[in-house]
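# A structural walkthrough
What follows is each chain in one-letter form.
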Amino acid sequence: MNPWQQFLTEQGATVQDDIIHFPGQAKADDSIIVDLSHYGLLSLEGEDAVTFLQGQVTNDVKKLDGSTSHYSGYCSPKGRLLSLFFAFAHDGKLFLQFDRGLIAAIAKRLRMYVLRSKVVITDLSEETVRIGVAGNQAEAALKTKFSSIPEAERSLVHEDGIILIRLPGALPRYELISPTSQANELWLTLSQHLMPANKADWDWREIQAGIPEIVAATQEAFVPQMVNLDILDGINFKKGCYTGQEIVARTHYLGKVKRRTQLVHIESELAPAAGDEVLDASGSVAGQIVRSARHPDGGYDVLAELRLESVEAGNLSWQGQALEIRTLPYSLEK
């Protein structure tokens, strides 16, 4: 148990499989504070860092100017997602946040392609603390600590060594990236106004915002458009070449995308897992689960990648449980 985890246990949490758990489940309208250590964080620095990363990912790295963030895909040569980054820049460095279970493998793969480029890739997962806050009281809580709060989605500010980012979605959501030395005080200040909550509570709010993720079970399962990365402004079609670019561009220019990720509710006590198959009325595979989280009122809300023709036909199921298609916060028409 590291010092940050030890601190959170002193605040009433337990640690299971390296994930922080607080008692209970947050209600849909609760304003919450969550440890985000299930995300890892890589930094890239050096005079070639921007040029190097530009040739690796789907989005335009040059637009990360220290005041904004974006999503970006990292693909195999066949255009299949190996990871999905939440990217931003600060103090001359580029930062990539994504599922912590993929950190070691993705860092190793990126380093393989550095070659003679002047780039240093560092795993900062233990050197920083990531905290999420969400809910209608989130902004007021942050104002007790920060003089400036980012208003636009994906915009960021930094103050006293802490980076604060406004996340997308109708519900106010923010992420804070803090040095470990400041994290305890930051948590104590904000938790006076916000309910300590769990990864599942955060995941549910991410799902409501329509934000996909890639984990080990779904690596190389999706072309970026299948998880709506283009709609989330995670693909720049004018930036030039990157690994997998030909496949991603072909999907964009040569016809309508035939598979999309939908917001779905499954009235089940069992938890759908990323990579699980979704079946159509004939029993054929219609898609798969991208991510899921328990709904505060029961059952599970899910992001599921599905054939559009199967969605139109209806009668989709997961392990015999019917899928109820719900409305995403953004249009699937691009």
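Quick notes on the rules
Residues numbered from 1 in each chain as written. Predicted model: local features only at pLDDT ≥ 70, side-chain atom pairs only at ≥ 80, totals over all residues. Heavy atoms only, no water. Buried < 20%, exposed > 50% of the residue type's maximum accessible area, 1.4 Å probe, protein only. Helix = DSSP H or I, 4+ residues; strand = E, 2+ residues; numbered from the N terminus. Pairing = 2+ DSSP bridges. Arc of directions from axis to C-beta. Phe/Tyr/Trp six-rings, centres within 6.5 Å; stacked < 30°, edge-to-face > 60°. Contact = heavy atoms within 4.5 Å. Axes fitted to C-alpha atoms, helices over the stretch in contact; angles between N-to-C directions. Parallel < 35°, antiparallel > 145°, perpendicular 65-115°, else oblique. Left-handed = near helix turned anticlockwise from the far one by under 90°. Nonpolar A, V, L, I, M, F, W, Y, C, P; charged D, E, K, R; others polar.

### Quick notes on the pairing of strand β4 (residues 39-45)
Most of β4 sits inside the fold, with six of its seven residues counted as buried. With six bridges joining them, β4 and strand β7 (residues 93-99) adopt antiparallel strand pairing. Its bridge partner lying in β7, S43 is registered against F95. The pairing of β4 with strand β8 (residues 120-123) spans four bridges and is antiparallel. Within the sheet, the bridge partner assigned to L42 lies in β8 and is D123.

### Observations concerning helix α5 (residues 180-190)
Within α5 the residues assigned to the buried category are A183, L186, W187, T189 and L190. Down the axis, α5 shows its buried residues gathered within 160° of arc, on one side only. Opposite the buried face of α5, by more than 90 degrees, sit the exposed residues S181 and E185.

### Focus on the packing of aromatic side chains
This structure, assessed with the given rule, holds nine aromatic pairs. Seen in terms of ring centroids, W4 and F7 are 5.5 Å apart; in terms of plane orientation they differ by 25°. Their pairing is stacked. One end of the pair is W4 and the other is F7, both in helix α1 (residues 3-10) and three residues apart, which spans about a single turn. Across this residue pair, the class does not change: W4 and F7 are buried. Where F88 meets F95, the ring centres are 5.1 Å apart and the plane angle is 15°; that geometry is what we call stacked. Across the pair, exposure class does not vary: F88 and F95 are buried alike.

### So, the side chain of S76
Within the secondary structure layout, S76 lies in the loop between β5 (69-75) and β6 (81-90). In this structure S76 touches L82, R109, E220, T243 and G244, once residues within four positions along its chain are discounted.

### Quick look at the packing of α1 against α5
Packing of α1 against α5 leaves a shortest axis separation of 10 Å and a crossing angle of 25°. In terms of axis orientation, α1 runs roughly parallel to α5. Classified by chirality, the crossing of α5 by α1 is right-handed. Mapping the contact onto sequence places W4, F7 and L8 in α1 and A183, N184, W187 and L188 in α5. Residues of the contact of α1 with α5, tallied by class, amount to six nonpolar, one polar and no charged.

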